[in-house]
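# Working through the structure, step by step
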Amino acid sequence: MKRSVSDLAVFGGRPEFLNPILVGQPNNIDRRRFFDRMNWALDNQWLSNGGPLVQEFEERVADLAGVRNCVATCNATAALQLYARAARLTGEIVMPSMTFVATAHAMRWLGLKPVFCDVDPDTGCIGVPQVEAVLTERTAAILGVHLWGRACPVDELEKVAADRGIPLFFDAAHAIGCSTSGRPVGGFGAVEVFSFHATKVVSAFEGGAVVTDDDELAGQIRALHNFGIGPYGHEAGGTNAKLSEAGAAMGLTSLDALPEATRRNEENYDLYRAELDELPGVSLVEFDRRERNNYQYVIVKIDESVTGIGRDLLQELLAAEKIVTKRYFSPACHELAPYATENPVELPHTENLARSVLAVPTGTRTTAEDIRRVCGVIRLAVTEGRTVRERWRRRENAEHALADPGRVV
Ligand SMILES: *Cc1c(COP(=O)(O)O)cnc(C)c1O
């Protein structure tokens, strides 16, 4: 237990953790069930091309999402692209900048132009006013992101899209197993896309899925993800974006573990809340308890004007304690290459939010004791924020002076 600023590892103290604790650590799975599935696939020598494990995985994801169709893919990035191709989108795609850069890159890679809009400062998601501010006659579609698993205002966005006669689709990479107004994420817009990347709450090592109630669209996407083979032809031909049986074996085993992961994540979230509650300048992004949430991200917001210590310095200080946090998502997409120079825009709410958020470790490998220790460091750093910042500044100056003895500091 660190008692004073001098105990912090950035100032020479012993790191709080010997072994790093991380955001996005794989959740526990039942390894036997995973190896049983793998052995079954190997015994039967069906390793890809929509095998039985992929089919089962697709059925279970569709069930969870409350939709008729699921096409499993090699990742979410390709899944977003498959929809854009299937829908023959050309022109501008309105989307938030407050997302993982894959959302934007996926569209740009196809020659589409990401047009970033600001987000609602409270939710971090796009809403009608933000979208309307950037819609033009070149807008081909609206792409919403259910940031941290909290759904966009889906009904309002559907109405705007319908009024404009353009499609709406969702990057639901964070939102498997989540709901809004009691309805599962997965059934909104033309399609929704999940990610089953290794760091996500449901993992297929690498994987993704397009889910939709539109049978025809699903058929086209299914063909497109397999070289255009199948009953639904498409002038785009096709690509290869299939999920393997090994990926599906992992995905199924990870889905088996989702209820337990969700339960543990919620407990972790509650403990972070209890530990950081009433710490001035620190707040946790909230979840609506009436909805289903997967709680895979615990997002701490730092108000530097109150704490004296900013998010970046806090992150650095935690890293020295071997507490590896993530800036989900900072810099925001519009602040990154190539968008920052290609199409410079100012998005004040996005910039404010991006600058203040930090995802902290959770998941089934994170124990209550780990969380208490993480929070102990955060409490010390924040309550002594101004002292920490001042010492840090002096240390940096001293380092510069060492590197450049001629420099006056
Ligand atoms: C992880 C993530 C993606 C990319 O998913 P992949 O499966 O790795 O392609 C896209 N968007 C968001 C918001 C993500 O968090």
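Note that this is a predicted model, so its numbers are computed, not measured. (Residues numbered from 1 in each chain as written. Predicted model: local features only at pLDDT ≥ 70, side-chain atom pairs only at ≥ 80, totals over all residues. Heavy atoms only, no water.)

### So, the sheet that holds strand β11 (residues 282-284)
Strands sit in the order β11-β12-β14 across an open sheet of three strands; the sheet is antiparallel. Strands at the two margins of the open sheet, each flanked by one partner only, are β11 and β14 (357-360). Going from strand to strand, the sheet's axes swing by 30 degrees on average, the running direction of each strand aside. Inspection of the sheet shows β11 paired to strand β12 (residues 298-302) by three bridges, in the antiparallel sense. When the sheet's bridge partners are listed, S283 is paired in β12 with K301. On top of the sheet, helix α11 (residues 311-320) reaches β12 and β14; it is set at about 25 degrees to β14, its chief contact. Strand contacts of helix α13 (residues 348-356): β12 and β14, with the helix running at about 40 degrees to β14, the strand carrying the most contacts. (Pairing = 2+ DSSP bridges. Helix = DSSP H or I, 4+ residues; strand = E, 2+ residues; numbered from the N terminus. Axes fitted to C-alpha atoms, helices over the stretch in contact; angles between N-to-C directions. Contact = heavy atoms within 4.5 Å.)

### Some points on the pairing of β12
In summary, the side chains of a regular strand alternate between the two faces of the sheet. Buried residues dominate β12, accounting for four of its five residues. Bridge count between β12 and β14: four bridges; the pairing is antiparallel. Bridging across to β14, I299 finds its partner in A359. (Buried < 20%, exposed > 50% of the residue type's maximum accessible area, 1.4 Å probe, protein only.)

### Side note on the nonpolar core
Core analysis: the largest hydrophobic core is formed by 36 residues, its most contacted members being L8, Y272, L276 and L317. The dominant element in this core, judged by the number of residues it contributes, is helix α14 (residues 368-383), at eight residues. With sequence-adjacent residues up to four places away left out, L8 is seen in contact with K2, G13, L317, E321, V377, L380 and V388. Of all hydrophobic cores here, the second largest spans 34 residues; its members include V160, I166, F170 and A359. (Core = buried A, V, L, I, M, F, W, Y, C linked by side-chain atoms within 4.5 Å.)

### Some words on the sheet that holds strand β4 (residues 113-117)
If you trace the seven strands from one edge of the open sheet to the other, you get β2-β10-β9-β6-β5-β3-β4, paired in mixed fashion. Since the sheet does not close on itself, it has two edges, and those belong to β2 (69-73) and β4, each with one partner. If you compare each strand with its neighbour and ignore which way they point, the axes differ by 25 degrees on average. Along the sheet face, helix α2 (residues 52-65) touches β2, β9 (192-195) and β10 (208-212) and points at about 130 degrees away from the line of β2.

### Side note on the domain arrangement of the chain
Partitioning the chain into structural domains gives domain 1 (5-26 + 257-399) and domain 2 (31-254). Its C-alpha centre places domain 1 at a distance of 28 Å from the equivalent point of domain 2. Contacts between the two partners involve 35 residues from domain 1, matched on the other side by 38 residues from domain 2. Across the domain 1/domain 2 interface, buried area totals approximately 3200 Å², and carbon plus sulfur atoms make up 58% of it. Its largest share of buried area at the contact with domain 2, domain 1 owes to R292, F329 and Y339, together 22% of the area lost on that side. Inspection of the domain 1/domain 2 interface yields one salt bridge. Here R108 and E342 are joined by a salt bridge, their closest N and O atoms 2.5 Å apart. In this assembly, domain 1 and domain 2 are joined by 22 residue pairs in polar contact (both at pLDDT 80 or more). The set of elements that each furnish at least two residues to the side of domain 1 that touches domain 2 consists of α9 (258-276), β12, α12 (339-342) and α13. For the side of domain 1 that touches domain 2, a count of residues per class yields 21 nonpolar, nine polar and five charged. (Domains from an automatic or database assignment. Buried area = accessible area lost by both parts, 1.4 Å probe. Salt bridge = Lys/Arg side-chain N within 4 Å of Asp/Glu carboxyl O. Polar contact = N/O pair within 3.5 Å; in protein donor to acceptor, adjacent residues only side chain to side chain. Nonpolar A, V, L, I, M, F, W, Y, C, P; charged D, E, K, R; others polar.)

### Side note on the packing of helix α1 (residues 31-44) against helix α8 (residues 245-256)
The description of two helices packed together rests on the angle between their axes and the distance between the axes. Orientation of α1 relative to α8, taken along the N-to-C sense of each, is 150 degrees, at an axis distance of 9 Å. In terms of axis orientation, α1 runs roughly antiparallel to α8. As for the relative orientation of α1 and α8, their crossing is right-handed in sense. Here R33, F34, R37, M38 and A41 of α1 lie close against α8, whose contacting residues are E245, A246, A249, M250, L252, T253 and D256. Among the residues making up the contact of α1 with α8, the classes are represented as seven nonpolar, one polar and four charged. (Parallel < 35°, antiparallel > 145°, perpendicular 65-115°, else oblique. Left-handed = near helix turned anticlockwise from the far one by under 90°.)

### Topic: the packing of aromatic side chains
Overall, the coordinates contain 12 aromatic pairs when judged by the stated rule. Here the aromatic rings of Y328 and F329 are separated by 5.0 Å at their centres, their planes lie at 35 degrees, and the arrangement is tilted. Both residues of the pair, Y328 and F329, count as buried. Sitting above the plane of the F17 ring, R373 keeps its charged end 4.2 Å from the centroid. We note R391 situated over the ring of F11; from NZ or CZ to the ring centre the distance is 4.6 Å. (Phe/Tyr/Trp six-rings, centres within 6.5 Å; stacked < 30°, edge-to-face > 60°. Lys NZ or Arg CZ within 6 Å of the ring centre and 35° of its normal.)

### Here's the deal with the site of the ligand
Neighbouring the ligand are 15 residues; T77, D171, H174, S195 and K200 lie closest to it. H174 places a polar side-chain atom, nitrogen or oxygen, 2.7 Å from an oxygen atom of the ligand. With respect to the ligand, the side chain of S195 contributes an N or O atom lying 2.8 Å from an oxygen atom. Contact with the protein chains hides 92% of the accessible area of the ligand, taken as 380 Å² for the molecule alone. Breaking the shell around the ligand down by element, the ones donating at least two residues are α3 (76-86) and α4 (101-108). (Near = heavy atom within 4 Å. Areas by Shrake-Rupley, 256 points an atom, 1.4 Å probe, with all protein chains shown as cover.)

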